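# Structure at a glance
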Amino acid sequence: MKVGILGAGAFGLALSHILVKNKVTVEMWTHNEEEAKVLDIKRISKKLDGYKIPKEIKFSTNLEETVNGKDLIVMAIPAFAFEDVTKQLSKYIKKNQPVLIATKGIQQNTCLFLNDVFAKYLKNSVAVISGPTFAVDMIKDAPIGFSMATKSHKTEMVIRKCFENSTTKFRRTRDITGIEICGSIKNVMAIASGMLEGMGVTDSTRALFLTESMNDIKELIDALGGKKKSILSFAGFGDILMTCTSKNSRNFSFGYLIGSGASKKEIDKYLENTTVEGMYTLKSIHKLVRRKKVKMPIINLIHDIIEGKKDKEEMLRFLISK
């Protein structure tokens, strides 16, 4: 099997690690020539400290070359670049090549989920994966589980053949909407959970927040046409539990800075050096719930705290009055 991965970030590299372990041929694409050169020659990435990139992984800045002849294309680029890369991909991909979307997020200007953005340009069979899977754990060959949402049995089988092994598990669903919502919004909830941690709240208060968050997400899934039970999936409960409680989560760590009273300079520096997907998604989901007239006040509150319109202490009052 041959796989082309678009994006050379930490998660893309971690997925490549699994593929190499499974004796799958891997080629990774990045638009940045300097990045491709460093990855190819030095075999290290500042995005995944301490990881020695296997020599079997090939790096390229030629998208056509990366896509050509592959059994599966994996999209692991940041959400903000997803549409541009999809447009480029449409020039080279063949109709029979399945696509795995590993990026999480909602487009800001349209409030479209990434599966829908992809469908604007291409009709290829698609699957979406999400779950409690930190890249740092994946490269250690720790047991992990993914939710895989697809309507195609053939695409499911290709993905399983490429990725499944003694430490990597997939649970399939047809609920693409529910899995995309879970995968996107958990990053926002992780920011809020980090805020609470920075404020020094008790375990009981954190549990209150997580429970309320899961109930709200469940109702959002239902309102947008997904299945409520997806909240109990790897993408739902699993990923929310992980990202909302671990300092390995960039979104949680960002929220912690805010909650602990870090200076604007410290916060800006963190954002400058770290991809915090939850910030991008927060703007999108805030607009989406208003556009769809879905009641989800916790999103409005998190947005207002980030924007400096409300004090972080408001989060504690909200959890009780909600």
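Keep in mind it's a predicted model, so treat the numbers as computed, not measured. (Residues numbered from 1 in each chain as written. Predicted model: local features only at pLDDT ≥ 70, side-chain atom pairs only at ≥ 80, totals over all residues. Heavy atoms only, no water.)

## Structural notes on the side chain of Asp175
Put simply, the rule reads: Numbering of helices and strands starts at the N terminus; helices are DSSP runs of H or I of at least 4 residues and strands are runs of E of at least 2. Remark: exposure states derive from per-residue accessible area (1.4 Å probe, protein chains only) relative to the maximum for the residue type, with buried under 20%, exposed over 50%, and partly exposed in between. In this tally, Asp and Glu contribute negative charge and Lys and Arg positive charge; neither His nor the terminal groups of the chain are included. Every case where a carboxyl oxygen of Asp or Glu lies within 4 Å of a side-chain nitrogen of Lys or Arg is listed as a salt bridge. Polar contacts, as used here, are pairs of N or O atoms within 3.5 Å; protein pairs need one atom able to donate a hydrogen and one able to accept it. Residues neighboring in sequence count only if both atoms are side-chain atoms. Any two residues whose heavy atoms approach within 4.5 Å are treated as being in contact.
Here Asp175 shows up in the loop between strand 8 (168–173) and helix 8 (176–198). Buried and unpaired, Asp175 has Lys227 as its nearest opposite-charge partner, separated by 6.5 Å. At 3.0 Å, the side chain of Asp175 forms a polar contact with the backbone nitrogen of Gly178. In this structure Asp175 touches Ala149, Ile221, Gly226, Lys227 and Ser230, once residues within four positions along its chain are discounted.

## Re the environment of Ile77
Considering the arrangement of structural elements, one finds Ile77 in the loop between strand 4 (72–75) and helix 4 (82–89). Relative accessible area serves as the criterion here: at 6%, Ile77 is assigned to the buried category. Separated by 75 residues in the primary sequence, Ile77 and Ser152 have C-alpha atoms spaced 23 Å apart. Setting aside residues no more than four positions away along its own chain, Ile77 makes contact with Leu6, Gly7, Trp29, Phe82, Val85 and Thr103.

## Topic: the sheet that holds strand 8
The strands that make up a sheet are held in pairs by hydrogen bonds between backbone atoms, and each pair lies either parallel or antiparallel. Quick note on the threshold: Only when DSSP finds a minimum of two bridges between them are two strands counted as paired. Orientation is described by lines fitted to C-alpha atoms, with helices fitted over the stretch in contact, and by angles between N-to-C directions that extend from 0 to 180 degrees.
Read across the open sheet, the eight strands follow the order 3-2-1-4-5-6-7-8; overall the sheet is mixed. Every other strand in the sheet has two partners, leaving strand 3 (58–60) and strand 8 as the edge strands with one partner each. Averaged over all adjacent pairs, the angle separating strand axes in this sheet is 25 degrees, with direction ignored. Pairing of strand 7 (residues 144–150) with strand 8, which is carried by six bridges, proceeds in the parallel orientation.

## Considering the pattern of salt bridges
Enumeration over the complete set of coordinates arrives at 16 salt bridges. Two residues, Glu65 and Lys58, come together in a salt bridge whose shortest N-O distance is 3.6 Å. Through salt bridges that share partners, Glu156, Arg160, Glu164 and Arg172 make up one connected network.

## Focus: the pairing of strand 7
Note the cut-off: Here the term right-handed applies to a crossover when the path leading from its first strand over the helix to its second strand runs clockwise, the strands being oriented away from the viewer.
Within strand 7, seven of the seven residues are buried, leaving the element largely enclosed by the surrounding structure. Burial along strand 7 is two-sided: Ile144, Phe146, Met148 and Thr150 and Gly145, Ser147 and Ala149, pointing in opposite directions, are all buried. Pairing of strand 6 (residues 126–130) with strand 7 involves four bridges; the strand directions are antiparallel. Directly across from Val128, in strand 7, lies its bridge partner Ala149. Taken together, strand 7, helix 7 (residues 153–163) and strand 8 form a β-α-β motif whose crossover is right-handed.

## Observations concerning the pairing of strand 2 (residues 25–29)
Most of strand 2 sits inside the fold, with four of its five residues counted as buried. Direction of pairing for strand 1 (residues 2–6) relative to strand 2: parallel, over a ladder of five bridges. Opposite Val3, over in strand 2, you have Val26 as the bridge partner. As paired elements, strand 2 and strand 3 share three bridges and run parallel to each other. The residue of strand 3 that forms the bridge with Trp29 is Ser60.

## Here we look at the packing of aromatic side chains
Stated precisely, the cut-off is as follows: Under the pairing criterion, centres of Phe, Tyr and Trp rings, with the six-membered ring standing for Trp, must be within 6.5 Å; the plane angle then separates stacked pairs below 30 degrees from edge-to-face pairs above 60, leaving the rest tilted. Charges are assigned to positions over rings by a cutoff of 6 Å between ring centre and Lys NZ or Arg CZ, combined with an angular limit of 35 degrees from the ring normal.
With the rule as written, the count across this model stands at four aromatic pairs. Residues Phe254 and Tyr270 carry aromatic rings whose centres are separated by 6.4 Å and whose planes lie at 20 degrees to one another, so their mutual orientation is stacked. Note that Phe254 is positioned in helix 11 (residues 250–259) and Tyr270 in helix 12 (residues 264–273), a separation of 16 residues in sequence. Tyr270 carries the same exposure label as Phe254, and that label is buried. Taken together, the ring pairs connect Phe11, Phe146, Phe163 and Phe170 into an aromatic cluster. Over the face of the ring belonging to Phe11 we find Lys104, whose NZ or CZ atom lies 4.8 Å from the ring centre. Taking the ring centre of Tyr256 as reference, the NZ or CZ of Lys247 above it sits at 5.1 Å.

## Considerations on a nonpolar patch on the surface
Note the cut-off: To count toward a patch, a residue needs a relative accessible area above 30% and no salt bridge. Like charges then connect within 9 Å, nonpolar side chains (Val, Leu, Ile, Met, Phe, Trp, Tyr) within 5 Å. With residues, only the protein chains shown are counted as cover, and all accessible areas are computed by Shrake-Rupley using a 1.4 Å probe.
There is a patch of nonpolar side chains on the surface, built from Leu232, Phe237 and Leu241 and spanning about 310 Å² of accessible area. For Phe237, the location among the structural elements is in helix 10 (residues 234–243).

## Focus on the side chain of Thr155
With respect to the helices and strands, the residue Thr155 is situated in helix 7. A distance of 2.4 Å separates a polar atom in the side chain of Thr155 from a polar atom in the side chain of Ser125. Once you skip the residues sitting within four places of it in the chain, Thr155 turns out to touch Pro98, Ser125, Val126, Ala127 and Thr150.

## A word on the nonpolar core
Threshold: To form a nonpolar core, buried Ala, Val, Leu, Ile, Met, Phe, Trp, Tyr and Cys residues must be joined to one another through side-chain atoms within 4.5 Å.
Ranked by internal contacts, the top residues of the largest apolar core, which has 68 residues, are Met189, Ile217 and Ile299. Element by element, the count of residues in this core is highest for helix 8, at twelve residues. Leaving out residues up to four positions away in the same chain, Ile299 has contacts with Ile185, Val188, Met189, Leu282, Ile285, His286 and Val289. In terms of nonpolar packing, the next biggest core, distinct from the first, is built from 38 residues, Leu48, Leu100, Ala102 and Met148 among them.

## Remarks on the packing of helix 8 against helix 15 (residues 314–321)
In a pair of packed helices, the angle between the axes and the distance between the axes together describe the arrangement. Put simply, the test is: Any angle between 65 and 115 degrees counts as roughly perpendicular, while under 35 counts as roughly parallel, over 145 as roughly antiparallel, and the rest as oblique. Throughout this entry, Asp, Glu, Lys and Arg are counted as charged residues, while Ala, Val, Leu, Ile, Met, Phe, Trp, Tyr, Cys and Pro are counted as nonpolar. The remaining residues, Gly among them, count as polar.
Relative to each other, helix 8 and helix 15 sit at 110 degrees, their axes nearing to 10 Å. In terms of their interaxial angle, helix 8 and helix 15 are classed as roughly perpendicular. Across from Ala192, Met195 and Leu196 in helix 8, the residues of helix 15 making contact are Met315, Leu316 and Leu319. When the residues that make up the contact of helix 8 with helix 15 are grouped by side-chain class, the tally is six nonpolar, no polar and no charged.

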